[in-house]
Each structure stands twice: as C-alpha cells, then as structure tokens.
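One letter stands for each residue in the lines below.
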Amino acid sequence: MSQGACVRCLPAAYLEVLGGLGKGETMEAESAPAGRSLREATQRRLQRFSELRGKSMAAGEFWDIVAITAADEKQELAYKQQLSEKLKKKELPLGVQYHVFVDPAGAKIGNGGSTLCALRCLEKLYGDEWNSFTILLIHSGTLHCEIDAYGDFLQALGPGATVEYTKNTSNVTKEESELVDMRQRIFHLLKGTPLNVVVLNNSKFYHIGTTEEYLFHFTADSSLKSELGLQSIAFSLFPSIPEYSTNKPCIIQSILDSTCSVTPGSVVEYSRLGPDVSVGENCIISGAYVKTTAVLPAYSFVCSLSLKMNGHLKYSTMACGVQDNLKKNVKTLSDVKLLQFFGVCFLSCLDIWNLKVTEELFSGNKACLSLWNARIFPVCSSLSDSVTTSLKMLNAVQSKSTFSLNNYKLLSIEEMLFYKDIEDMITYREQIFLEITLNRKQSD
C-alpha cells in the first residue's frame, strides 16, 4: 500500500457508491469552493468512478486496497462471489486488491471496524483517547458480551455524559449478563474525555438501518436519490407506472407481470411478481417469488431466504410489519402478550396460528423472548410456496381469521439466518439479471 493511502472498510453494497473517492478525488473535494453543492461533488465522483470501471489502475488512481468485512463465512462467500462477478463484467476498477475479512466468532465491538479505524487516523491528535481504547481492549480478555462503538463508547464522551445509559438495554437484541458491567467500565474509563468531531467537506451521512428509513430514502424523500443519481426503477421488467408527484415505488432488479400493481412508497427488490399481484403502500418485498394472484397488505415486510437444512435446499419467508420492533424482548412466557406482530398482540396472533406459548416456540436465549427468535415462519420446498404460506399467515392476522401452522416446520428469523444458503440466493438473483438482459437485447 502506498504511503498515505487509506484502507476503506466497506460493506459490498457500498463499493459502487463510494468507490470513486480515490485519493486524488478526496483532495480535490477538500479544496472545492464552499458554494459547490453536495450533489455536484457527488456526481463528479460518480462520473470519475464510471470512467474507472473495467480499467487497470495505476498507482494513485484509486484505493490501493478495498477491504470488506463480513459477518460470517457464508457472507464472506457471498461477497467474494459478487466481487468475482463484478470484476468479470468489468463493473469495478481492475488491478486493485479486493479483500474480504470475516468477523471472528463470538462477541464483538459492533461497528468497530470503521469507527476504530477512524480513531486510529486521529491517533496523533487525540493520543489519550486512543490509549483509553487500547487499555480497555487489552482485549479485558475475551469479550463475553457484544458492545457497540456508537452506543457504548460515544455516550461516555463529552462533558454532559452520565452513567444512566449503561443500564438501558431496551434496544439490545441479546442482553448478556456482563453487558452493564462492561458499559460501566467503559464509561468510567472514558469519562471526561472530550468529544471531537471531524467535518468532511462535501459529505453527508445517511443512516439506512431500519425498514422505515429504507422506505423513506428510496421512495418518499428525494435527497439521497438526487445526490447519488439513483433511479426509482433500476434494471427491471415492469408494467408502465404512472408518474406520481410525491413518493414513488422503487423497483430494483425485479420482473413484474404486466398486470401487477405496486403502490407508491413501496420497494420491490430482486423479486418476481406474477399476474394480478397487488403490493400495498409502504411495503418492502425482497427476494420473493409471488406466483399467483395475491394482495400484499400495506406496511408489510416480506423477505425470502434460501436455506440449507440437513443437506437439502429449503425456503422460508419472513413476513411481518415494517413497523414491528423485532428487538423488543420479554423475559418470561407470561409477558409474551407485550409483544406486537403487525400491530396486533402477539398472543392473539399465536391463537390465530394455533400455536402454543412454550419455551420451544423460541430459539436461542430463553430469557430473551422476541419476534426475532420466535419460531413462526414456515419452511417450504419451493420459493413460491414459501411466500404464499407466509402471506397467508400475515393475511390471517389482518383479517382475524384462522390459519394453522401446526403442520409446518417452523423457524425463527434467528434460525433462518443461521441456515441461509447464500449460493442459491445469488443464483436466483443472477437468473433474474440474465432474464432482464436477454429481454432487453431482444427488445433492441
């Protein structure tokens, strides 16, 4: 790596968006006149990146190394396959070292990769602050609970920091017994350390970590789309959609029958929608295959996964409300009534599905019961059957009718992610890509 270069730790999805910020581009952006708009600066970077696609890079033209972090070995495989395909199609700059690093097993410092990397760049300015982190990590030994770089470190900084936040675990998916103690150790170690902010010229931070944020930025709000030149309909086969003055539907690499309808404010990605499928407002449909006539209720989240179970390929579709709080948890079975699924008391939903409230209903930690680890999603032998079945359970809740899940093998979202078959999901996306490509060639 050449002197002064920076290693970018980015998820694969950011490669095309931020990849154009090479060393020369960063320097130019910093010296740009104050009046230059963010959109102009971003478009210039994207244009520069477009010119670099498929070309061999000389020293200094692009990042020396692009490092991508993966949550597990399956995600590592997925990123490597996607990188290979993009390089083969000459969609990325060539001659660059692209590396994928999988997180080690066990508890982690969440968001630590990019945050600690940024602190490392500021080591000379804020040596004491960096030393505090070093002392804390020397690695405390092995971490037995997951801590968050934003929530646990940043809240301890600045003159207004108080210790009260350390006991607030309402947004924690999995609460380990050591969490509060570790948070308090972090707080007392960093208490009094000033909070310093580095302002990046012509830059803007978008947080797209929730379903509602995803829908807002890709449909309702125009800022992100205009700044990055994003299209509402991207590489898809779809029926003619009228122009809307406010929010629009967003369709990404999907094939929709001519009789489909997608209401404004919804996102359909990497999916096939057959004849007379109707998608309500503010929905997210991902990786699905809706083969027959169906109505997807407004505010529904439908995401299909391929699974590898005992050597066999299976499918399961998580279907819930975009506003459901998957992280909210209770500690006892008697408190399951405090959870809500699609705006309905979870206990009532279980009655509708003819399921009993037992410990076997939940995977993982039995003292942390939530929609995340509730075994309510059917396993099916085909992708289309999986979607159809999960939509039936969703519609049953909405209409307050009965749909028994007793005869199905059921998984939680937690288990679905464990069994996920990345290769089959990539194959499915590639089939959609090839079909769209072939259709466009025939149309030309």
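Residues numbered from 1 in each chain as written. Predicted model: local features only at pLDDT ≥ 70, side-chain atom pairs only at ≥ 80, totals over all residues. Heavy atoms only, no water.

What to know about the side chain of N282
Its location among the elements puts N282 in the loop between strand 12 (277–279) and strand 13 (284–286). Taking the relative accessible area as the measure of exposure, N282 reaches 17% and is therefore buried. Of note is the side chain of N282, whose polar atom sits 3.0 Å from the side chain of Y299. (Helix = DSSP H or I, 4+ residues; strand = E, 2+ residues; numbered from the N terminus. Buried < 20%, exposed > 50% of the residue type's maximum accessible area, 1.4 Å probe, protein only. Polar contact = N/O pair within 3.5 Å; in protein donor to acceptor, adjacent residues only side chain to side chain.)

Side note on the pattern of salt bridges
Counting across every chain of the model gives 10 salt bridges. One salt bridge in this structure joins E415 and R375, with 2.8 Å as the shortest N-O distance. Residue E415 is located in helix 13 (residues 413–419), and its partner R375 is located in the loop between strand 21 (369–370) and strand 22 (377–380); the two are separated by 40 residues in the primary sequence. (Salt bridge = Lys/Arg side-chain N within 4 Å of Asp/Glu carboxyl O.)

Some words on helix 9 (residues 211–220)
Inspection of helix 9 places Y214, L215, H217, F218 and T219 among the buried residues, and these make up the whole buried set. Considering only its buried residues, helix 9 is in contact with helix 10 (223–228), strand 7 (250–252), strand 10 (267–269) and strand 13. (Contact = heavy atoms within 4.5 Å.)

A few points about the nonpolar core
Counting residues in hydrophobic clusters, the biggest one holds 77 residues, and the most contacted among them are F341, F346, W353 and I376. At seven residues, helix 12 (residues 383–399) tops the list of elements feeding residues into this core. Dropping the residues within four chain positions of it, I376 is found in contact with F341, F346, L350, W353, L355, M393, L405, L410 and L411. Within the second largest apolar cluster, 14 residues are counted, among which are F62, V66, A70 and Y98. (Core = buried A, V, L, I, M, F, W, Y, C linked by side-chain atoms within 4.5 Å.)

Thoughts on the environment of R272
Structurally, R272 can be placed in strand 11 (residues 272–273). Measuring from C-alpha to C-alpha, the distance between R272 and Y289 comes to 4.7 Å, with 17 residues separating the pair along the chain. When near neighbours in sequence (up to four residues on either side) are disregarded, R272 contacts I255, A288, Y289, V290, Y428, Q431, I432 and E435.

Re the packing of aromatic side chains
Using the criterion set out here, one finds eight aromatic pairs in the structure. Between Y214 and F218, the aromatic rings sit 4.8 Å apart at their centres with planes inclined by 40 degrees, giving tilted as the arrangement. Of the two residues, Y214 and F218 both sit in helix 9, four residues apart, roughly one turn of that helix. Each of the two residues, Y214 as well as F218, counts as buried. (Phe/Tyr/Trp six-rings, centres within 6.5 Å; stacked < 30°, edge-to-face > 60°.)

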